[in-house]
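Given next are the chains, with one letter for each unit.
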Amino acid sequence: SAAGQGHHIKMDSDNLATAAELLAAASGFCLTVEQRALLPSSLTILKHEHGFAKVYYWGKIQGISSDYLIAMGLGSKEISYKDESLKTCGEITVAEFFDTLKLFTKKYFRLGPDGVSWTVLPEVDEDLKKKYNEWSQSLKKKGSVFTPMKGDASHKYEYTVGEETKELSEDERLAFMVQEIDEECR
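What you are looking at is a predicted structure, and each value in this text was computed from that prediction instead of being measured.

**Some points on the nonpolar core**
Part 1 of the reasoning: The biggest cluster of nonpolar side chains holds 25 residues, and the ones touching the most others in it are Ile-61, Leu-174 and Val-178.
Part 2 of the reasoning: Contributing elements (two or more residues each) for this core: strand 1 (54–61), strand 2 (68–74), helix 5 (126–141), strand 5 (156–161) and helix 6 (170–184).
Part 3 of the reasoning: Looking at this core element by element, the count peaks at 5 residues for helix 6.
Part 4 of the reasoning: Those residues in contact with Ile-61 that sit more than four places away from it in its chain are Asp-67, Tyr-68, Met-149, Leu-174, Met-177 and Val-178.
Part 5 of the reasoning: Ranked by size, the runner-up nonpolar core spans 12 residues in total, among them Val-55, Tyr-57, Leu-69 and Phe-109.

**Brief notes about the pattern of salt bridges**
Part 1 of the reasoning: Tallying each qualifying case throughout the model produces 6 salt bridges.
Part 2 of the reasoning: Here Asp-67 and Lys-60 are joined by a salt bridge, their closest N and O atoms 3.8 Å apart.
Part 3 of the reasoning: You can call Asp-67 partly exposed: its relative accessible area is 32%.
Part 4 of the reasoning: Residue Glu-134 pairs with Lys-166 through a salt bridge whose shortest N-O separation is 3.2 Å. With Glu-134 in helix 5 and Lys-166 in strand 6 (residues 164–169), the pair connects residues that are 32 residues apart, well separated along the chain.
Part 5 of the reasoning: Looking at Glu-134, the relative accessible area reads 17%, which means it is buried.

**A look at the packing of aromatic side chains**
Part 1 of the reasoning: Within this structure, the stated rule accounts for 4 aromatic pairs.
Part 2 of the reasoning: Considering the side-chain rings of Tyr-132 and Trp-135, the 5.6 Å spacing of their centres and the 55° angle between planes classify their relative orientation as tilted. Remark: Trp-135 and Tyr-132 occur in helix 5; sequence separation between them is 3 residues, near one turn of the helix.
Part 3 of the reasoning: According to the relative accessible area criterion, Tyr-132 is buried, its value standing at 13%.
Part 4 of the reasoning: Ring centres of Tyr-132 and Phe-176 lie 3.8 Å apart, and the angle between their planes is 20°; this geometry places the pair in the stacked category. Residue Tyr-132 is found in helix 5, and its partner Phe-176 is found in helix 6; the two are separated by 44 residues along the sequence. Like Tyr-132, the residue Phe-176 is buried in the burial classification.
Part 5 of the reasoning: An aromatic cluster of three or more residues is present, and its members are Tyr-132, Trp-135, Tyr-157 and Phe-176.

**Brief notes about the side chain of Asp-182**
Part 1 of the reasoning: Along the polypeptide, Asp-182 turns up in helix 6.
Part 2 of the reasoning: Take Asp-182: its relative accessible area is 12%, and that puts it in the buried class.
Part 3 of the reasoning: Those residues in contact with Asp-182 that sit more than four places away from it in its chain are Trp-58, Met-72, Lys-106 and Tyr-108.

**Regarding the sheet that holds strand 1**
Part 1 of the reasoning: Pairing is antiparallel in the open sheet, where 4 strands are placed in the order 1-2-3-4. The open sheet terminates on both sides in strands that have one partner only, identified here as strand 1 and strand 4 (118–120). Across the sheet, the axes of successive neighbouring strands diverge by a mean angle of 30°, strand direction being ignored.
Part 2 of the reasoning: When strand 2 meets strand 3 (residues 106–111), the two strands line up antiparallel, connected through 5 bridges. Within strand 3, the residue paired with Met-72 across the bridge is Tyr-108.
Part 3 of the reasoning: Running over the sheet, helix 2 (residues 33–50) touches strand 1, strand 2, strand 3 and strand 4 and is turned about 135° from strand 1.
Part 4 of the reasoning: Lying on the sheet, helix 6 is in contact with strand 1, strand 2 and strand 3; it crosses strand 1 at an angle near 110°.

Definitions and cut-offs
- Residues numbered from 1 in each chain as written.
- Predicted model: local features only at pLDDT ≥ 70, side-chain atom pairs only at ≥ 80, totals over all residues.
- Heavy atoms only, no water.
- Core = buried A, V, L, I, M, F, W, Y, C linked by side-chain atoms within 4.5 Å.
- Buried < 20%, exposed > 50% of the residue type's maximum accessible area, 1.4 Å probe, protein only.
- Helix = DSSP H or I, 4+ residues; strand = E, 2+ residues; numbered from the N terminus.
- Contact = heavy atoms within 4.5 Å.
- Salt bridge = Lys/Arg side-chain N within 4 Å of Asp/Glu carboxyl O.
- Phe/Tyr/Trp six-rings, centres within 6.5 Å; stacked < 30°, edge-to-face > 60°.
- Pairing = 2+ DSSP bridges.
- Axes fitted to C-alpha atoms, helices over the stretch in contact; angles between N-to-C directions.

Take a look at the structure:
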């Protein structure tokens, strides 16, 4: 893939059409014609409704019945990368740049079935990490290491811890996966 070869394609709402074409050519994973037509305007709406400085099309996670299109909102209109860069006269190391990214608000969203509205993914806190790890361990005990996403954000995965039956929603699983991938790719 293009990302695997050291290239990073930024797919913000300003250059999504071109970036989507490059990614499709490089990876074989494509957005449908309808998705390519709807995404730029829906990302712009997301950006303005939530007051983000930038909104990026993060990617697609495939499910059995439908796929999840993910967007990432970063920063706010009040604080921008340029403002942060100007504070340091534009002279910062790569490591310092990535440290400043931690100061910005970052939220992940999944595209709704209407192709326009976005739903914020649950926050991945310590409780969700514990829940996900318990679910993952229960899969391993059953001799499985992976189960495909269903494509239904309301789906509940039941698992047991000791004698207690617990649930992990697909929306929570999706949020965990997106954050884990995002952190691993930095």
